[in-house]
Amino acid sequence: AQSVAQPEDQVNVAEGNPLTVKCTYSVSGNPYLFWYVQYPNRGLQFLLKYITGDNLVKGSYGFEAEFNKSQTSFHLKKPSALVSDSALYFCAVRDGLTGGGNKLTFGTGTQLKVEL
Amino acid sequence: DAGVIQSPRHEVTEMGQEVTLRCKPISGHNSLFWYRQTMMRGLELLIYFNNNVPIDDSGMPEDRFSAKMPNASFSTLKIQPSEPRDSAVYFCASSLEDGSYNSPLHFGNGTRLTVT
């Protein structure tokens, strides 16, 4: 079974400071990892993904994420936060093991609040 | 590209009534997903289709829920009879899958269902 954990319900950061939103995962095969963002009253929007290759993945809006196999983590980062980054962030995983199919499992979400 | 279109945006109904939620995926996408989002349970995958065929419906809560995809451009999720515990935001998402299972999902803006 595949699963993902987001240990923080909420992260607060001051504008201009770096931000990190944490995610750990569990899969049987190789992980396919994703980050999505959700603004109020909207659907989720894709930010970035890790499939293979470089452990540092760059995505939309200046976000990046670092894949760490030994720690089974895929933390989302941004060097300088903006107030407009305030939203709900979801980590998701798909098991790359053949037969895992197209099933994407989401974490519980982390509310990011960026303050002036 | 109009994105994934869901209707209605809001639905308020009384317990026992039939509810039908509708989804038009992005043209050319061959996979379609129905998710439910609640505060208590987060994002849950209800069912997904590949090339209009239901692949995994293990997330459908019970027989009151049914989903169809009669063609590549339309899907419905029906609840009959509805109950107050079905109150949630229901999201439809689509993707273009090439067999690698690493394509991002594109979400609609959801249908907020309230059952009184």
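Our subject is the structure listed above.
Overview of the structure. These figures come from a predicted structure and were not determined experimentally. Every chain's residues receive numbers from 1 upward, in the order its sequence appears when written. Chain letters and ligand numbers both follow the written order, the letters beginning at A and the numbers at 1. Only residues with pLDDT of at least 70 are given local features in this predicted model, and only at 80 or more are side-chain atom pairs given and counted; all residues enter the totals for whole chains, interfaces and linings. Side-chain measures here rest on the full set of heavy atoms in the structure, leaving out hydrogens and waters.

### Examining the interface of chain B and chain A
Test applied: Residues are treated as being in contact if the distance between any of their heavy atoms lies within 4.5 Å. Values labelled buried area give the accessible surface lost by two parts on being combined, using a 1.4 Å probe and summing over both. Salt bridges are counted wherever a side-chain nitrogen of Lys or Arg sits within 4 Å of a carboxyl oxygen of Asp or Glu. Secondary structure counts use DSSP, requiring at least four H or I residues in a row for a helix and at least two E residues in a row for a strand, with both numbered from the N terminus. We call Asp, Glu, Lys and Arg charged. Ala, Val, Leu, Ile, Met, Phe, Trp, Tyr, Cys and Pro are nonpolar, and the rest, Gly among them, are polar.
Taken residue by residue, the interface counts 23 residues in chain B and 19 residues in chain A. Contact with chain A buries area across many residues of chain B, yet Leu43(B), Tyr101(B) and Asn102(B) alone supply 30% of it, more than any other trio. Between chain B and chain A we count zero salt bridges in total. Elements with a minimum of two residues in the side of chain B that touches chain A: β4 (31–38), β5 (42–50) and β9 (88–95) of chain B. Broken down by element, the residue count for the side of chain B that touches chain A peaks at four residues, all from β4(B). Per-class residue counts for the side of chain B that touches chain A are ten nonpolar, nine polar and four charged.

### Let's talk about the layout of surface pockets
Formally: For cavity detection a 1 Å grid was placed over the protein atoms alone, and a set of points counts as a cavity when a 1.4 Å probe fits there but cannot get out; an open set counts as a pocket when protein lies on both sides within 12 Å along at least five of seven lines, with lining residues being those that have an atom within 4 Å of a point. Grid points are joined across faces, edges and corners, and a volume is the space filled by probe spheres set on the points.
Roughly 680 Å³ of internal volume is contained in the largest pocket. Lining the largest pocket we find 27 residues, and of these Gln38(A), Leu88(A), Phe90(A), Gln37(B) and Met39(B) sit closest to its centre. Those elements that provide at least two residues to the lining of the largest pocket are β10 (87–95) of chain A together with β4 and β9 of chain B. Within the lining of the largest pocket, the residues separate by chemical class into ten nonpolar, twelve polar and five charged. Estimates place the volume of the second largest pocket at around 230 Å³.

### Structural notes on the sheet that holds strand β3 (residues 19–24) of chain B
Across a sheet, strands are paired by hydrogen bonds formed along the backbone, either parallel or antiparallel in direction. Residue and element names in this part refer to chain B. Put simply, the rule reads: DSSP calls a pair of strands paired once it identifies at least 2 bridges connecting them. Fitted lines through C-alpha atoms serve as axes, helices being fitted only where they are in contact, and the angles separating the N-to-C directions of these axes extend from 0 to 180 degrees.
Taken together, four strands build an open sheet; the order of strands is β1-β3-β8-β7 and the sheet is antiparallel. Looking at the sheet topology across the chains shown, the edges are occupied by β1 (5–7) and β7 (65–71). Shown here is a sheet whose adjacent strand axes are inclined to one another by a mean of 15 degrees, direction ignored. Relative to strand β8 (residues 74–79), β7 runs antiparallel, the two sharing five bridges. In the strand pairing of β8, alanine 67 is matched with leucine 77.

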